[in-house]
Amino acid sequence: MGRRPDRNRDRAMTSEALSTTELLQVALDAAGMGSWELYLSTGAIHRTLRHDQMFGYEEMQPFWDLEMTIDHIVEEDQPLVRRAFSEAMVDGSIDVEARVRRSAGGETRWVHLSGRTFYIDGTAMRIVGLIADVTHRRAVEERLRLAQKIEALGQLTGGVAHDFNNLLQVISGGLQVVARQSDPQRRERIFASMRQAVDRGASLCRQLLAFSRRQSLKPEAVNLKRLIGEMGELLNRGLRSDVQIQTAFADELWPAEVDPGELELVILNLAFNARDAMPNGGRIEVSARNCPALADHDLDGDFVRLDIADSGVGMSPDILVHAFEPFFTTKEVGSGSGLGLAHAHGFAKASGGVVRIASTPGRGTLVSLFLPRTLKMPTVGPHLMSPASDHAASAGQVLVVEDDDEVAALTVEMINQLGYDTTRVASAEAALGALADRRSVDIVFSDIMMPGRMNGVELAQEIRRRRPDMPVLLTSGYAEGVRRNAAAQQIKIIPKPYRIDELRDALAAVRQDARESVREH
């Protein structure tokens, strides 16, 4: 009988016959990955066939270098990849994901580039790495994120509905009560509560827009001690009697360059979060100090540190890691939107700083905002003009373009109180008709979103074409959606809801701009 073949021995002999390079190639092919080696002195890249195939080529290309890799990267991702390769020469490794546009058919795929830098006498000579197509993994992750967002949307909807229903109740109840109230002082208190409800509603909308990155910031030099001091009454109204607030500010505190309105909203949200973390009462400490010459992976330069600390229940480590995630909240559904800390994170980052959080169960939470220092001097604040000077300085005829009858009625009343006469129309076409009749009009004040063929921006463009000297002011509840287009054409927008003094200033500003434009021409 012949000897039975020893398959195990044959496999061993075969494996021994394969070189390490061949085994590596078998492993890479099985994993669907390609390898590459970048020579930093020339920029040339030696690579495998699978590498070129991921960029859309069926056969190995005769030459490849780093610039060819960058050229295949989607334009928006090119700075990220360039930075990753540049940092790899210092950090010793590269790990980056980006979109590539394949040569065959222009299909866009996600690739993951990872590798290690090799040095000779301290000089980076080459980077050796792998490339993998991670399009499927990214799609799965995106579907998972979408599922999480849909689940979180219920939390957000409940929180926003709860907050807005409370605000509507204040306004609705106030309107019913004020009609039956003859005492001027009590009527004023009711009006004050209704104004506060409107402000809170506007703040919630600003929060949502800031989170969705559709709310632009208007940074300026801010004195934190003064700003927080002026917020004292507002903070005390929002806190329970068993919650005490204390403040401490360093001597010669630097000004910070931030949007003061957004910072106020962040402070309010953090204070209310702290209040809710202290169901049995406690203490909130707000403090600020200078932090010169910071240098870490998040910060570089001079910053002002604003701390908000509470003596509440604190957070466990597994909750703390989710603290800045949108919609995440430990409150019951309907008790809050879950946007507070996410908004603080987005605000700090957009302002050029960071936010950090530390918390211990049973010992409270500390939220620290690092805000960029500015050498500019803070402004004291706007000086409000008296009603008499409003009337004297601002008299004129305003053409109000608003399709909603209730909004139009209140808008006309506000403008009349500022000393203007008004004519109201309900569409852009009607506005152009009124101007064509040579009706006396000193300024056009129009909503942006209206029924018909023409919106407010298009109306402003047409008015400018027909009557270049006519001032136009636009308004919208979602001004960020058209701000870029309007700004490119130097069309002014005042976002809803606006105060009567903000409307007065905006009307005066566009009239002044129009007068200066006429003088220049």
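To keep things clear, this report deals only with the structure shown in the data block. For clarity, every value in this text was computed on a predicted model and none was experimentally measured.

**Description of helix α15 (residues 428-436)**
Residues of α15 that are buried include every one of Ala 428, Ala 431, Leu 432, Ala 434 and Leu 435, and no others. Taken down its axis, α15 places every buried residue within 160° of arc, on the same side.

**Describing the packing of aromatic side chains**
Under the defined criterion, the tally for this structure stands at 3 aromatic pairs. Their ring planes at 50° and their centres at 5.0 Å tell us that Phe 55 and Trp 64 sit as a pair that is tilted. You'll find Phe 55 and Trp 64 in the same group, each marked buried. Ring centres of Tyr 57 and Trp 64 lie 5.9 Å apart, and the angle between their planes is 85°; this geometry places the pair in the edge-to-face category. Residue Trp 64 is classed as buried on the basis of its relative accessible area of 1%. A connected cluster of aromatic rings, assembled from ring pairs, spans Phe 55, Tyr 57 and Trp 64. One cation-aromatic arrangement involves Arg 138 over Trp 110; the distance from NZ or CZ to the ring centre is 3.6 Å.

**Observations regarding the side chain of Asp 77**
With respect to the secondary-structure elements, Asp 77 resides in the loop between α4 (66-72) and α5 (78-91). If near-sequence neighbours (up to four positions away) are discounted, Asp 77 is found in contact with Ala 98, Arg 99 and Trp 110.

**Observations concerning the pairing of strand β4 (residues 108-120)**
Where strand β3 (residues 93-101) lies against β4, 9 bridges are found, and the strand directions are antiparallel. The partner of Ser 93 across the bridge, within β4, is Arg 116. Where β3 folds back onto β4 in an antiparallel hairpin, the turn is made up of 6 residues, including Gly 105, whose phi is positive at roughly 85°. With 10 bridges connecting them, β4 and strand β5 (residues 123-133) associate as antiparallel partners. Following the sheet pairing, Gly 115 is matched in β5 by Gly 129.

**A word on the nonpolar core**
Ranked by internal contacts, the top residues of the largest apolar core, which has 37 residues, are Leu 263, Ile 267, Leu 270, Ile 284, Leu 306 and Leu 369. No other element matches helix α10 (residues 260-276), which puts 7 residues into this core. Each residue touching Ile 284, except ones within four places of it in the same chain, is listed here: Leu 239, Val 243, Gln 244, Ile 245, Gln 246, Ala 271, Ala 274, Arg 275, Met 278, Ile 308 and Ala 309. With 23 residues, the next largest nonpolar core counts Val 401, Val 444, Met 454 and Met 470 among its residues.

**Description of the packing of α15 against helix α16 (residues 456-466)**
Packing of α15 against α16 leaves a shortest axis separation of 10 Å and a crossing angle of 15°. What the angle tells us is that α15 and α16 run roughly parallel. In terms of crossing hand, the pair formed by α15 and α16 is right-handed. Seen from α15, the contacting residues are Ala 428, Ala 431, Leu 432 and Leu 435; seen from α16, they are Leu 459, Glu 462, Ile 463 and Arg 466.

**Some remarks on the pairing of strand β14 (residues 421-425)**
Note that strand β13 (residues 397-401) and β14 share 5 bridges and pair parallel. Within the sheet, the bridge partner assigned to Gln 397 lies in β14 and is Asp 421. Crossover β13 to β14 through helix α14 (residues 405-417) is right-handed.

**Section: the sheet that holds strand β10 (residues 300-310)**
With mixed pairing, the 5 strands of this open sheet are ordered in space as β7-β9-β10-β12-β11. The strands lining the two open edges of the sheet, one partner per strand, are β7 (243-249) and β11 (354-360). The mean inter-strand angle of the sheet, taken between neighbouring strand axes irrespective of direction, is 20°.

**Describing the side chain of Asp 259**
Within the element layout of this structure, Asp 259 appears in the loop between β8 (256-258) and α10. Looking at Asp 259, its side chain comes within polar contact range of the main-chain nitrogen of Glu 262, at 3.2 Å.

**Points about the environment of Met 231**
With respect to the secondary-structure elements, Met 231 resides in the loop between α8 (224-230) and α9 (232-238). As for Met 231 and Ile 267, which are separated by 36 residues in sequence, their C-alpha atoms are 9.3 Å apart. Those residues in contact with Met 231 that lie beyond four places of it in its chain are Glu 264, Ile 267 and Leu 268.

**Points about the pattern of salt bridges**
Enumeration over the complete set of coordinates arrives at 20 salt bridges. The partner of Glu 107 in a salt bridge is Arg 109, and the shortest N-O contact between them spans 3.3 Å. Between Glu 429 and Arg 453 there is a salt bridge, with the nearest N and O atoms lying 4.0 Å from each other. A residue pair is termed long-range when its members are at least 10 positions apart, and Glu 429 in helix α15 and Arg 453 in the loop between β15 (443-447) and α16 qualify at 24 residues. Within the structure, one salt-bridge network assembled from shared partners comprises Arg 102, Glu 107, Arg 109 and Asp 133.

**Quick word on the sheet that holds β3**
Within the open sheet, the 5 strands sit side by side as β2-β1-β5-β4-β3. Their pairing is antiparallel. Of all the strands in the sheet, the pair left with one neighbour each is β2 (45-47) and β3. The sheet shows a mean angle of 25° between the axes of neighbouring strands, direction not considered. Bridging between strand β1 (residues 33-39) and β2 involves 3 bridges; their strand directions are antiparallel. Within the sheet, the bridge partner assigned to Leu 38 lies in β2 and is Ile 45.

**Observations regarding the environment of Met 89**
Residue position: Met 89 is located in helix α5. If we skip the residues at most four places from it in the chain, Met 89 touches Leu 40, Thr 117, Tyr 119 and Ala 124.

Cut-off values and rules
- Sequence order as written defines the numbering, with residues in each chain counted from 1.
- In view of the model being predicted, local features appear only for residues whose pLDDT reaches at least 70, and side-chain atom pairs are presented and counted only at 80 or more, with totals across whole chains, interfaces and linings using the full set of residues.
- Note that water and hydrogens are dropped before the side-chain values are worked out from all heavy atoms of the structure.
- Note on classification: 1.4 Å probe, protein chains only; a residue is buried when its accessible area is under 20% of the maximum for its type, exposed when over 50%, partly exposed between these limits.
- Secondary structure elements follow DSSP: runs of H or I of four or more residues count as helices, runs of E of two or more count as strands, with numbering from the N terminus.
- When we speak of the arc, we mean the arc of directions from the helix axis to the C-beta atoms.
- In this analysis, rings of Phe, Tyr and Trp, with Trp reduced to its six-membered ring, are considered paired at centre separations within 6.5 Å, and the interplanar angle assigns stacked below 30 degrees, edge-to-face beyond 60, and tilted for intermediate values.
- In this scheme, Lys NZ or Arg CZ marks a charge over a ring once it lies within 6 Å of the ring centre and within 35 degrees of the ring normal.
- Contact between two residues is taken to exist if any of their heavy atoms lie within 4.5 Å; hydrogens are not considered.
- Following DSSP output, two strands are said to pair if at least two bridges run between them.
- Only buried residues count toward a nonpolar core, which is a set of Ala, Val, Leu, Ile, Met, Phe, Trp, Tyr and Cys residues joined through side-chain atoms within 4.5 Å.
- All axes are obtained by fitting lines to C-alpha atoms, using only the stretch in contact for helices, and the reported angles, taken between N-to-C directions, cover 0 to 180 degrees.
- Convention used here: angles under 35 degrees read as roughly parallel, angles over 145 as roughly antiparallel, angles from 65 to 115 as roughly perpendicular, and any remaining angle as oblique.
- Each crossing gets its handedness from the near helix: less than a right angle anticlockwise from the far helix is left-handed, clockwise is right-handed.
- When the strands point away from the viewer and the connection leading from the first strand across the helix to the second strand turns clockwise, the crossover is called right-handed.
- Identification of polar contacts relies on pairs of N or O atoms within 3.5 Å, with a donor-acceptor requirement for protein atoms, meaning one able to donate a hydrogen and the other able to accept it, and with residues adjacent in sequence counted only if both atoms are side-chain atoms.
- Whenever a carboxyl oxygen of Asp or Glu lies within 4 Å of a side-chain nitrogen of Lys or Arg, that contact is scored as a salt bridge.

Bear in mind that shape data such as this cannot, by itself, settle questions of function.
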